[in-house]
Every structure is written in C-alpha cells, then in structure tokens.
Amino acid sequence: MPRRKRKRFVEFSFLEKGGEVAVYPDEAEAVRLVDVMGFSQKKAAELMGVSQPTISRLLESARKKLGIAMLESRKIRIVFDDCFIEVKRCGKCFKPVEKCRCENGC
C-alpha cells in the first residue's frame, strides 16, 4: 500500500487567462530530446547540430513557455518557419538516415 501523500504548500493559484503560447520547433525538439527521451544536453546538441549552450538556451525558453501555458491554461502552438528542416532519424542510433550504418538499416 502506498504512503499517504502529505499536504504541500504552494504560493500560486491557477489563472485561466486563455490564449496561446508559441513554441518554436527547435525548442520543442530540445525538450523532446532532453526531457522526454532522456539524452544529455551534449548528445541533444550533437543530434541537432548546434552547441550545448544553444540547447541550454532553447530549453530555458521552452520550459518557461510550457510553464506559463500550464499555469495559465493556455494552448501551446508550435510555430513553423521556412528555416526549419525535418530530418528523418534511425530508430536505433538516432543518426540521420543518410549517415546511419546500422546492420538492419532504418
């Protein structure tokens, strides 16, 4: 049987402001790689082709936007620009399909 959950004190209340929060694809990809898939910032930077400090800035920006969306009941919209390129990755090694050398292919 699980332990009883203790009361916690919080200093905010949920505000229902509505509206949207715009998240860019590179911010969403950084969150996906680091927070969802569990890669280090260094590995995520390598996969995205950017530096580790850039990943850190993307994560900081995205996490702030996601926090605002969660606490203010806002919608999250991913804004696509022409400057973003979609890369198909191998399911095993996460390298771009063109550079993958897995035995079974992708």
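Cut-offs and rules
Residues numbered from 1 in each chain as written. Predicted model: local features only at pLDDT ≥ 70, side-chain atom pairs only at ≥ 80, totals over all residues. Heavy atoms only, no water. Core = buried A, V, L, I, M, F, W, Y, C linked by side-chain atoms within 4.5 Å. Buried < 20%, exposed > 50% of the residue type's maximum accessible area, 1.4 Å probe, protein only. Helix = DSSP H or I, 4+ residues; strand = E, 2+ residues; numbered from the N terminus. Contact = heavy atoms within 4.5 Å. Salt bridge = Lys/Arg side-chain N within 4 Å of Asp/Glu carboxyl O. Patch = residues over 30% accessible without salt bridge, like charges linked within 9 Å, V, L, I, M, F, W, Y side chains within 5 Å. Areas by Shrake-Rupley, 256 points an atom, 1.4 Å probe, with all protein chains shown as cover. Lys, Arg positive; Asp, Glu negative; His and termini not counted. Charge placed at Lys NZ, Arg CZ, Asp CG, Glu CD.

Some words on the nonpolar core
Line of reasoning, step 1. Ala 30, Val 31, Leu 33, Val 34, Phe 39, Ala 44, Ala 45, Leu 47, Ile 55, Leu 58, Leu 59 and Ala 62 form the largest nonpolar core, which has 12 residues in total.
Line of reasoning, step 2. Those elements giving two or more residues to this core turn out to be α1 (25–36), α2 (41–48) and α3 (52–71).
Line of reasoning, step 3. Beyond its immediate chain neighbours, meaning those up to four positions away, Leu 59 contacts Ala 30, Val 31, Val 34, Asp 35 and Gln 41.

Let's talk about the pattern of salt bridges
Line of reasoning, step 1. The full count for this structure, using the stated rule, is 6 salt bridges.
Line of reasoning, step 2. The partner of Asp 35 in a salt bridge is Arg 63, with the nearest N and O atoms 2.5 Å apart. Taken together, the residues span a long stretch of sequence, with Asp 35 in helix α1 and Arg 63 in helix α3 at a distance of 28 residues.
Line of reasoning, step 3. Looking at Asp 35, the relative accessible area reads 39%, which means it is partly exposed.

So, the side chain of Glu 27
Line of reasoning, step 1. For Glu 27, the location among the structural elements is in helix α1.
Line of reasoning, step 2. Contact partners of Glu 27, with chain neighbours within four places excluded, come to Ala 22, Leu 58, Ser 61, Ala 62 and Lys 65.

Points about α1
Line of reasoning, step 1. Pro 25, Glu 27, Ala 30, Val 31, Leu 33 and Val 34 are the residues of α1 that are buried.
Line of reasoning, step 2. The inward-facing, buried residues of α1 abut β1 (20–23), α2, α3 and β2 (75–78).

Focus on a positive patch on the surface
Line of reasoning, step 1. Positive charge collects at one region of the surface, where Arg 3, Arg 4, Lys 5, Arg 6 and Arg 8 lie side by side.
Line of reasoning, step 2. Summarising the element assignment, Lys 5 is placed in the segment before β1.
Line of reasoning, step 3. Using a relative accessible area of 67% as the deciding quantity, one classes Lys 5 as exposed.

Honestly, that's just the spatial picture; any functional story needs more than this.
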